Amino acid sequence: MLYTLNQLIQRLTFRQLQVFDAVYTKQSYSHAAVELGLTQPAVSAQIRQLEHVIGQPVFEYVGKKLYVTAAGEQLMKHVTLLFENLGRLQMELAVLQGQIRGDLRISAVSTAQYVVPYLLQGFLELYPQVDVQLQVINRAQAVERLSQNREDLFIMGMVPESRVVNLLPFLDNLLVPVVRADDPILKQRSLQTKQFLDAGLLVRERGSGTRHALEQWCSQQQLQFQPRLEMGSNDAIKHGVLAGLGVAVLPRLSISAELRLGELAIPALPGFPLRRSWSVVYPRGKHPTPVMHAFMEYVKASMPGLAKTIYG
């Protein structure tokens, strides 16, 4: 049975849509129940009522796995827009009262995790009523989520050229060659880049921005890119170098402590450091909320001091 618009408005509730959003996001009734503080039967009841109103199932089980139906996918598009508009309304009403408040969802690539806390600390001091939700992902995930407009803002070092985006570069990301402090390679008078790359290169997984930057540079220099070992994080690679597994190219900021302690060293190599910029990014067609605008203005104002704080 199809309801008229007025009937749909009368029968649909925000609670039903909130529960639907949680189940869709978590891909699980039980996980959605935990997030919302409800029992699983209560979640199931809300979904049944929602399905009765729209006249179609939004989820289905195949075996033990939960799948979203075509109707569920269509519904999610409109639920996302509805909640975004409600959030925008909340922010705009707060602005009329002279306040900046609301949610700010940020996805940052893993190399930016060393930078983002410096930005958030000062920003949240200025705007304590902003609720920041931050997740750290690799570059490939960030590019995918950017294309889906999943977050308000993205912080990444290599912005995809194929995407139509607005971006604000705010800090150099220096990618440097790294070896253990007692590595014999440091005693060579004129170390060549090929010798370094052949000394057992440890790299991130495919999709990582750091790896992509090094692959791109090697291609430009007509150097072979032949890693010895792939690892899932910069910290894992750093400890791999410390353990004597090989050499690496890492963000300068990620090895600051080990350089101070004399555990790691940066050999002089032609072409290094590789310079990239961390940038705040969002899709070109997206209209910034007051909270997004406040954050970007804060980043602009913080750029000179941020570089000094991080790199000295």
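Preceding this paragraph is the structure being described.
Analysis parameters
- Residues numbered from 1 in each chain as written.
- Predicted model: local features only at pLDDT ≥ 70, side-chain atom pairs only at ≥ 80, totals over all residues.
- Heavy atoms only, no water.
- Helix = DSSP H or I, 4+ residues; strand = E, 2+ residues; numbered from the N terminus.
- Buried < 20%, exposed > 50% of the residue type's maximum accessible area, 1.4 Å probe, protein only.
- Contact = heavy atoms within 4.5 Å.
- Core = buried A, V, L, I, M, F, W, Y, C linked by side-chain atoms within 4.5 Å.
- Phe/Tyr/Trp six-rings, centres within 6.5 Å; stacked < 30°, edge-to-face > 60°.
- Lys NZ or Arg CZ within 6 Å of the ring centre and 35° of its normal.
- Pairing = 2+ DSSP bridges.

All right, on to the overall build of the protein then. Across its full length, the protein carries twelve helices and eleven strands. Overall size of the protein, expressed as C-alpha extent along the three principal axes, is 80 × 55 × 35 Å. Taken over 312 residues, the protein has a buried fraction of 45%. Once local pairs closer than 6 in sequence are excluded, the contacts in the protein between residues at least 24 apart make up 73%.

Grouped together as the largest cluster of nonpolar side chains are 38 residues, with contacts concentrated most on L104, L153, F170, V280 and F295. Of all the secondary structure elements, the ones that give two or more residues to this core are β3 (102–109), α6 (116–126), β4 (130–137), α7 (139–147), β5 (153–156), β6 (165–180), β11 (274–283) and α12 (290–311). A total of nine residues in this core trace back to one element, the largest contributor, which is α12. Residue contacts for V280: discarding those within four places in its chain leaves L153, F154, I155, N166, L167, L168, F170, F295, M296 and V299.

Omega for the bond connecting F272 with P273 falls within 30 degrees of zero, at 5°, which places this linkage in the cis form. Tracing the sequence through the fold places P273 in the loop between β10 (264–265) and β11. Here N149, not a glycine, exhibits a phi torsion of approximately 55°, which is positive. Within the secondary structure, N149 sits in the loop between α7 and β5.

Moving on: the packing of aromatic side chains. Following the criterion strictly, the structure yields eight aromatic pairs and no others. With a centroid separation of 6.1 Å and an interplanar angle of 70°, the aromatic rings of Y29 and F59 are classed as edge-to-face. You can see Y29 sitting in helix α3 (residues 29–36) and its partner F59 sitting in strand β1 (residues 59–62), a full 30 residues away along the chain. For the pair F123 and Y127, a centre-to-centre distance of 5.1 Å together with 50° between the ring planes defines the contact as tilted. Every member of this aromatic cluster is reached through a ring pair, and the members are F20, Y24, Y29, F59 and Y61. Its end group placed over the ring of Y67, K65 keeps NZ or CZ at 5.6 Å from the ring centre.

By the bridge criterion, four bridges tie β1 to strand β2 (residues 65–68) in an arrangement that is antiparallel. Bridge pairing in β2 links V62 to K65. Hairpin connection, β1 to β2: the antiparallel pair is bridged by two residues, and G63 has positive phi, about 70°.

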